[in-house]
Amino acid sequence: MTKPFSKQDAEIFFARLRAAIPEPKTELHFVNPYTLLVAVVLSAQATDKGVNKATQPLFKVADTPAKMAALGEARLTDAIKTIGLFRNKAKNVIALSRILVERHAGEVPHEREALEALPGVGRKTANVVLNVAFGEKTMAVDTHIFRVANRTGLAPGKTPRDVEDGLLRKIPDAYLLDAHHWLILHGRYVCVARQPKCPICIVRDLCRYAHKTVADTKKSLQLRKPVKAGSARPRGKTRPPR
Ligand code: SF4
């Protein structure tokens, strides 16, 4: 049986992630808590890059709930039509903007319950807003974090909520505020879904994954293959223009 991840392992794990990226940030574009909330709602089953492309111009004209409500559903739908599930998302953003104006004086509430009561806002979105906008030590478990937590053995769980609770228990307090960003970035760029980049992974020795990938020796052998006599271009000469 694999040895469970200890608190000490978790300490080393996050110390390395922090050394690699001392100040991790969300890759979503936003200018205030409201635009962060909207960006996270739009990012469900979409890439941050795709969301940013649509929100950069959108937030120039609608960066408050009142302005978004005034923009209206038809124009918002058009502005975000490149994002998956855009019709439903536009409906939710307009509805939540109206609620913020009517019940919260145009502000994003700090309370989880009030956030989760907004259309299109679930636990994960509320966790991102509480963490990024209000500095709370929450853990928003997305597909990347779910995979990394299970693969590494850091906090295995069958559901996002199991993983969230496990991570909150296991991660040392000093790392909790930024842990969500480190895990997302690690999952997005190193511990990727199909073929994790284990040979270059900085937590490889701590990771409990049984199917770690190895360096492609065939490729590196090819790179090191001796060049046949006469086939090499003379040093200092560049390829002639075509
Ligand atoms: S060693 Fe591989 S599986 Fe483990 S965390 Fe790193 S990339 Fe992911």
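Summary of the structure given here. (Residues numbered from 1 in each chain as written. Predicted model: local features only at pLDDT ≥ 70, side-chain atom pairs only at ≥ 80, totals over all residues.)

**A few points about the overall build of the protein**
When its secondary structure is counted, the protein shows 12 helices and 0 strands. Listing every helix and strand of the protein by position from the N terminus yields α-α-α-α-α-α-α-α-α-α-α-α. For the protein, the residues scored as buried account for 33% of the 242 residues in total. Of the contacts formed within the protein by residues at least 6 apart in sequence, a portion of 59% connects residues at least 24 apart. (Helix = DSSP H or I, 4+ residues; strand = E, 2+ residues; numbered from the N terminus. Buried ≥ 20, exposed ≤ 12 C-beta atoms within 10 Å, placed from the backbone. Contact = placed C-beta atoms within 7 Å.)

**Topic: the packing of helix 2 (residues 33-42) against helix 8 (residues 123-132)**
One way to put it is that helix 2 packs onto helix 8 with a least axis distance of 10 Å and a crossing angle of 150°. By the angle between their directions, the pair helix 2 and helix 8 is classed as roughly antiparallel. Relative to helix 8, the crossing made by helix 2 is right-handed. Mapping the contact onto sequence places Pro33, Leu36, Leu37, Val40 and Val41 in helix 2 and Thr125, Val128, Val129 and Val132 in helix 8. Among the residues forming the contact of helix 2 with helix 8, the class breakdown is 8 nonpolar, 1 polar and no charged. (Axes fitted to C-alpha atoms, helices over the stretch in contact; angles between N-to-C directions. Parallel < 35°, antiparallel > 145°, perpendicular 65-115°, else oblique. Left-handed = near helix turned anticlockwise from the far one by under 90°. Nonpolar A, V, L, I, M, F, W, Y, C, P; charged D, E, K, R; others polar.)

**Examining the nonpolar core**
Here is a general trend for soluble globular proteins: nonpolar side chains tend to be buried in one another's company. Among the nonpolar cores identified, the biggest contains 57 residues, and Leu37, Val93, Val129, Ile145, Ala149 and Leu167 are the most heavily contacted of them. With 8 residues, helix 2 is the single largest residue contributor to this core. Summarising the domain contributions, this core has at least three residues from each of domain 1 (7-24 + 138-200) and domain 2 (33-132). When residues no more than four places from it in sequence are discounted, the contact partners of valine 129 are Pro33, Leu36, Leu37, Val40, Val108 and Leu115. (Core = buried A, V, L, I, M, F, W, Y, C linked by C-beta atoms within 7 Å. Domains from an automatic or database assignment.)

**Thoughts on helix 3 (residues 48-61)**
Note on helix geometry: an α-helix contains 3.6 residues per turn, so any two residues three or four positions apart are oriented the same way. Compared with an ideal rise of 1.5 Å per residue, which puts 14 residues at 20 Å, helix 3 spans 20 Å between its outermost C-alpha atoms and is within 8% of the ideal. At threonine 55, helix 3 shows its largest bend, some 35°, and a proline, proline 57, comes one to four positions later. Inspection of helix 3 places Val51, Ala54, Thr55, Leu58 and Phe59 among the buried residues, and these make up the whole buried set. Close packing links the buried residues of helix 3 with helix 2 and helix 5 (73-79). (Expected span 1.5 Å × (residues − 1). Bend = angle between axes of the 7 residues up to and from the residue.)

**Remarks on unusual backbone geometry**
Look at leucine 85: it is not a glycine, yet its phi comes out positive at around 60°. For leucine 85, the location among the structural elements is in the loop between helix 5 and helix 6 (86-103). In this structure leucine 85 comes out as partly exposed when scored by C-beta crowding, with 14 C-beta atoms within 10 Å. With a phi close to 55°, alanine 105 is a non-glycine residue in the positive phi region.

**Side note on the environment of leucine 37**
Looking at the element boundaries, leucine 37 is found in helix 2. For the pair formed by leucine 37 and valine 93, sequence separation is 56 residues and the distance between their alpha carbons is 9.2 Å. Residues within four places of leucine 37 in sequence aside, it is in contact with Val108 and Val129.

**Focus on the environment of valine 121**
Looking at where valine 121 falls in the secondary structure, it is placed in the loop between helix 7 (112-116) and helix 8. On a C-alpha basis, the gap between valine 121 and leucine 96 in space is 8.8 Å, while along the polypeptide they are 25 residues apart. With sequence-adjacent residues up to four places away left out, valine 121 is seen in contact with Val41, Leu96, Leu115, Glu116 and Ala126.

**Brief notes about the environment of glutamine 8**
Within the secondary structure, glutamine 8 is located in helix 1 (residues 7-20). By C-beta crowding, glutamine 8 is classed as exposed, having 10 other C-beta atoms within 10 Å. Along the primary structure glutamine 8 and isoleucine 171 are separated by 163 residues, whereas in three dimensions their C-alpha atoms are 9.5 Å apart.

**Points about the packing of helix 2 against helix 6**
Relative orientation of the contacting elements helix 2 and helix 6 amounts to 155°, with a least axis distance of 10 Å. One finds that helix 2 runs roughly antiparallel with respect to helix 6. Remark: the crossing between helix 2 and helix 6 carries right-handed chirality. Along the contact surface, helix 2 presents Val38, Val41 and Leu42, while helix 6 presents Lys89, Asn92 and Val93. Looking at the contact of helix 2 with helix 6 residue by residue, the class counts come to 4 nonpolar, 1 polar and 1 charged.

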